[in-house]
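The residues making up each chain are set out below.
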Amino acid sequence: MNVFGNLGTAGIAAALTCLLIFGIPGGGKLKPLGWWTTLLVAMFAGSAYKAAGGFWGLIPDLAGSVVHFINGFVKGMTMPALATCLTIFILWKKLTTLQLAVVSLLFFYVAAGAGGSWSYISDAIEHARQSMQ
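## Here's the deal with the overall build of the protein chain
Here comes step 1: The helix and strand inventory of the protein chain stands at six helices and zero strands.
Here comes step 2: The order of α-helices and β-strands along the protein chain, N terminus first, is α-α-α-α-α-α.
Here comes step 3: Burial analysis of the protein chain (133 residues in total) assigns 35% to the buried set.
Here comes step 4: Contacts in the protein chain between residues at least 24 apart in sequence constitute 69% of all its contacts with a sequence separation of at least 6.
Here comes step 5: Counting every atom, the protein chain has about 8,300 Å² of accessible surface; 70% of that belongs to carbon and sulfur.

Written as structure tokens, this is what we have:
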């Protein structure tokens, strides 16, 4: 039995974004998302944005603009270095779950572009999308 049907990468991106938007404040029957859950959902959402492309490229394009803005101040800053800096920021800066969701979406765009071990999740989502076509 297939509960979700053909959700696809754009559907995954949309569903996870809805989960972040409505799950962080909570207020319904379920508890609000916790810190680690928010980080995990944002990780998959950011990777799904990267894999989905098209309209869903707006979020990575916005994140890319921020990255290029930062790179304008610190010349020669590479994507892996930015990913490492954002990791340190996420782990040691006290963030609300909403702030964590926004920073994590930015982080996972940067991580997907960094290559190497940073991009395993977005690469896996992209390969799954290609194999479904």
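From this point, the narrative continues.
## Notes on helix α2 (residues 35-52)
Here comes step 1: Taking 1.5 Å per residue, 18 residues should reach 26 Å; α2 reaches 25 Å between its end C-alpha atoms and fits that length.
Here comes step 2: All of the buried residues in α2 are Thr38, Leu39, Val41, Ala42, Met43, Ala45, Gly46, Ser47, Ala48, Tyr49 and Ala51.

## Focus: the packing of aromatic side chains
Here comes step 1: Per the counting criterion, the structure on display carries two aromatic pairs.
Here comes step 2: Each ring, one from Trp35 and one from Trp36, has its centre 4.8 Å from the other, and the planes form 75°; the classification is edge-to-face.
Here comes step 3: Take Trp36: its relative accessible area is 59%, and that puts it in the exposed class.
Here comes step 4: Plain terms: the ring middles of Phe69 and Phe73 are 5.0 Å apart, the flat faces sit at 85° to each other, and that makes the pair edge-to-face. Separated by four residues within a single helix, Phe69 and Phe73 lie in helix α3 (residues 58-73), roughly one turn from each other. In this pair, the class of Phe69 matches that of Phe73, namely exposed.

## Description of the confidence of the model for the protein chain
Here comes step 1: In this model, the protein chain carries an average pLDDT of 79, and 83% of its residues clear a pLDDT of 70 or more.
Here comes step 2: Summarising per-element confidence for the protein chain, the mean pLDDT is lowest in helix α6 (residues 120-132) (69) and highest in helix α1 (residues 8-23) (87).

## Thoughts on the nonpolar core
Here comes step 1: In terms of nonpolar packing, the biggest core is built from 16 residues, with Leu86, Ile90, Phe107, Phe108 and Val110 touching the most fellow members.
Here comes step 2: Taken together, the elements giving at least two residues each to this core come down to α2, α4 (79-92) and α5 (97-114).
Here comes step 3: The leading source of residues in this core is α5, at eight residues.
Here comes step 4: Judged by nonpolar contacts, the second largest core, of 11 residues, contains Leu20, Ala42, Tyr49 and Ala101.

## Concerning α1
Here comes step 1: Between its first and last C-alpha atoms α1 spans 21 Å; for 16 residues at 1.5 Å apiece the expected length is 22 Å, and the two agree.
Here comes step 2: For α1, the full list of buried residues reads Thr9, Gly11, Ala13, Leu16, Thr17, Leu20 and Gly23.

## Side note on the packing of α1 against α2
Here comes step 1: Contact pair α1 / α2: the axes reach a minimum separation of 8 Å and the direction vectors enclose 150°. One element, α1, and the other, α2, form an angle in the roughly antiparallel class. You can see that α1 and α2 cross each other, and the crossing is left-handed. Taking contact as the criterion, the partners of Thr9, Ala10, Ile12, Ala13, Leu16, Thr17, Leu19 and Leu20 in α1 are, on α2, Thr38, Val41, Ala42, Phe44, Ala45, Ala48, Tyr49, Ala51 and Ala52.
Here comes step 2: Residues that form the contact of α1 with α2 fall into these classes: 14 nonpolar, three polar and no charged.

Reading the values: the criteria
- Residues numbered from 1 in each chain as written.
- Predicted model: local features only at pLDDT ≥ 70, side-chain atom pairs only at ≥ 80, totals over all residues.
- Heavy atoms only, no water.
- Helix = DSSP H or I, 4+ residues; strand = E, 2+ residues; numbered from the N terminus.
- Buried < 20%, exposed > 50% of the residue type's maximum accessible area, 1.4 Å probe, protein only.
- Contact = heavy atoms within 4.5 Å.
- Areas by Shrake-Rupley, 256 points an atom, 1.4 Å probe, with all protein chains shown as cover.
- Expected span 1.5 Å × (residues − 1).
- Phe/Tyr/Trp six-rings, centres within 6.5 Å; stacked < 30°, edge-to-face > 60°.
- pLDDT = per-residue confidence, 0-100.
- Core = buried A, V, L, I, M, F, W, Y, C linked by side-chain atoms within 4.5 Å.
- Axes fitted to C-alpha atoms, helices over the stretch in contact; angles between N-to-C directions.
- Parallel < 35°, antiparallel > 145°, perpendicular 65-115°, else oblique.
- Left-handed = near helix turned anticlockwise from the far one by under 90°.
- Nonpolar A, V, L, I, M, F, W, Y, C, P; charged D, E, K, R; others polar.

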